[in-house]
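# Observations on chain architecture
Here is what each chain is made of, one letter per residue.
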Amino acid sequence: MKLPERDNKVIWHPYTQMQGAISIGIVRGEGAYLFDEDGRKFIDAISSWWVNTHGHSNKYISEKVSQQLNTLEHVIFAGFTHPSAVELAERLLQHLPQNQKKIFYSDNGSTAVEVALKMAIQFYSNKGSTKRKIVAFKNAYHGDTFGAMSVSGRSLFTNPFSQYLFDVNFIELPVKGREEASFEQLKEILKTDDVSAFIFEPLVQGAAGMLMYEPEILEKMVAYCKINNVITIADEVMTGFHRTGKFFATDHINEKPDIYCLSKGLTGGVMAMGVTSCSQEIFDAFLSDDKTKTLYHGHSYTANPVACSAALASLDLYEKTECAENVKRIENKHSDFFNSIKEHSAITDIRQTGTILAIELKTNDNTSYLNSLRDSVYNFFLNKGIILRPLGNIIYVLPPYCISNDDLNYIYKTIKEFLDENLI
Ligand SMILES: *Cc1c(COP(=O)(O)O)cnc(C)c1O
């Protein structure tokens, strides 16, 4: 029996309607490519759900991970520490803004967000304040655990759980031309003096369909929160690690958020790991002779040494000039392609931030994520050996930084072909 059939008998896949679902069995990865058991080659144009930045089976990372595995595979992280966790925290803080002083480890993007929310909420409770409200953008995606779902836009993902999610004040995303309207909504909510935190995906809302907005308005919003004593939380889970052209998306602004959530590209897509960093002020609010002020949160695999070593190796690669050059190269290639097809009649919108290119296809069907177009687009590209996973009627290219110009050209050519054939 081949992998897909064996899989079908025993496995339940994420974000998959399992009725009739078939998975492709991948047995090997190399650079920007994935190979199935029949030897078919695919270009991983979405970085395996936005995590893979240096390419698959990177030799440098696997060497470092293997050294760590043979030295210390894991140790409890309460009451104990280890060199890789300390070094990773030191080095992450060098890349994060100056105001970030402490690193809290967890396992993934959702837990990084949970920890951030708990830090913000307990910050006020430790100070005896009654601030309760949290502000987030409509259509936001911050993860799939309950706290992360609560601050995410209400959608078909969250509908079955809606009555179990805590209340959040949602404001419009300040997309081009709508900046003032969105800012007014923020101002209105902050008038109440009851707002504890504002959480956002800086510059790009990923799962919402790669929706983008400008640094200037984000800067203005973060600044406004600061003067009103509202904690700002940057969810850089998708945007971090050069994805938007700078190390962090918030490097495009001068005002610095109080809390950061990192994951996905943190380990280069090699190991599951989450990080929540915070300012000294947040951290200090948990210091006390009173034990009830402790942040009682942790995971069995907190700061797993193997994950830390993958992140350290990944950081080595991010710090090379070659990485920044590749990011610039992809940005330029994207933007050339952008200009060549922006007037295409099959497109309603096209947008780019850094290495992310998103194309919105014209469609009569407005059911967004469940758009019937989605499956035909997905299969069209799979048959051409490209993994693109449209979000409804939105195709996006978010490649590993090692992708070659030839492979990018092939992806663009295939997208153009799709648009021209008017398969819509
Ligand atoms: C993917 C994502 C998350 C959730 O991360 P997981 O590791 O999938 O739990 C949170 N926030 C953003 C912005 C994301 O893109």
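As the structure is a prediction and not an experimental result, all values here were calculated from the model. (Residues numbered from 1 in each chain as written. Predicted model: local features only at pLDDT ≥ 70, side-chain atom pairs only at ≥ 80, totals over all residues. Heavy atoms only, no water.)

## Considerations on the overall build of the chain
Assigned secondary structure in the chain consists of 13 helices and 16 strands. For 424 residues, the compact-globule estimate of 2.2 N^0.38 gives 22 Å, and the chain sits close to it at 22 Å. Principal-axis analysis of the C-alpha atoms gives the chain an extent of 65 × 55 × 45 Å. Looking at the chain as a whole, 52% of its 424 residues qualify as buried. (Helix = DSSP H or I, 4+ residues; strand = E, 2+ residues; numbered from the N terminus. Rg over C-alpha atoms; globule rule 2.2 N^0.38 Å. Buried < 20%, exposed > 50% of the residue type's maximum accessible area, 1.4 Å probe, protein only.)

## Points about the sheet that holds strand β15 (residues 386–387)
With mixed pairing, four strands are arranged side by side in an open sheet as β1-β2-β3-β15. Each edge of the sheet is formed by a strand with only one pairing partner; in this case those strands are β1 (26–30) and β15. In terms of strand pairing, strand β2 (residues 33–36) meets strand β3 (residues 41–44) through three bridges, oriented antiparallel. Each bridged residue has a counterpart across the sheet, and for F35 the counterpart in β3 is K41. (Pairing = 2+ DSSP bridges.)

## So, the packing of aromatic side chains
Per the counting criterion, the structure on display carries 21 aromatic pairs. Considering the side-chain rings of W50 and Y396, the 6.0 Å spacing of their centres and the 80° angle between planes classify their relative orientation as edge-to-face. Here W50, found in helix α2 (residues 47–50), pairs with Y396, found in strand β16 (residues 394–397); they are 346 residues apart in sequence, far enough to count as distant. Here a set of aromatic residues connected by ring pairs shows up, and it is made of F241, F247, F248, Y260 and Y318. Sitting over the ring of F283, K102 keeps its end group 4.6 Å from the ring centre. R374 extends its terminal NZ or CZ atom over the ring of Y378, reaching a point 4.9 Å from the ring centre. (Phe/Tyr/Trp six-rings, centres within 6.5 Å; stacked < 30°, edge-to-face > 60°. Lys NZ or Arg CZ within 6 Å of the ring centre and 35° of its normal.)

## A closer look at the state of the cysteines
Considering all chains together, one arrives at zero disulfides under this definition. For C278, which is in no disulfide, the shortest distance to another cysteine sulfur is to C261 and amounts to 11 Å. For C278, a relative accessible area of 3% translates into the label buried. Cysteine C402 remains unbridged, with the sulfur of C323 as its closest cysteine sulfur at 10 Å. (Disulfide = S-S within 2.5 Å.)

## Let's talk about the site of the ligand
In the vicinity of the ligand, the residues found are W50, N108, G109, S110, Y141, H142, G143, E201, D235, V237, M238 and K264. Within the side chain of N108, one N or O atom sits 3.3 Å away from an oxygen atom of the ligand. Side-chain polar atom of K264 to an oxygen atom of the ligand: 2.6 Å apart, as the coordinates give it. In isolation the ligand has 380 Å² of accessible area, and contact with the protein removes 84% of it. Counted by class, the shell around the ligand contains four nonpolar, five polar and three charged residues. (Near = heavy atom within 4 Å. Polar contact = N/O pair within 3.5 Å; in protein donor to acceptor, adjacent residues only side chain to side chain. Areas by Shrake-Rupley, 256 points an atom, 1.4 Å probe, with all protein chains shown as cover. Nonpolar A, V, L, I, M, F, W, Y, C, P; charged D, E, K, R; others polar.)

## Focus on unusual backbone geometry
Phi is positive for Y15, close to 50°, though the residue is something other than glycine. If you trace the backbone, Y15 turns up in the loop between α1 (3–10) and β1. Relative accessible area serves as the criterion here: at 32%, Y15 is assigned to the partly exposed category. For M210, which is not glycine, the phi dihedral falls at a positive 55°. Position of M210 relative to the elements: it lies in the loop between β8 (204–205) and β9 (211–212). Residue classification places M210 among the buried positions, given a relative accessible area of 0%.

## Brief notes about the domain arrangement of the chain
Assigned domains of the chain: these are domain 1 (3–57 + 323–420) and domain 2 (62–318). A separation of 26 Å is found between the C-alpha centroids of domain 1 and domain 2. Between domain 1 and domain 2, a total of about 2300 Å² is buried, with carbon and sulfur atoms accounting for 67% of that surface. The interface formed by domain 1 and domain 2 includes zero salt bridges. In this assembly, domain 1 and domain 2 are joined by 11 residue pairs in polar contact (both at pLDDT 80 or more). Secondary structure elements with two or more residues in the side of domain 1 that touches domain 2: α2, α11 (321–341), β13 (347–353), β14 (356–361) and β16. Partitioned by chemical class, the residues of the side of domain 1 that touches domain 2 number 16 nonpolar, eight polar and two charged. (Domains from an automatic or database assignment. Buried area = accessible area lost by both parts, 1.4 Å probe. Salt bridge = Lys/Arg side-chain N within 4 Å of Asp/Glu carboxyl O.)

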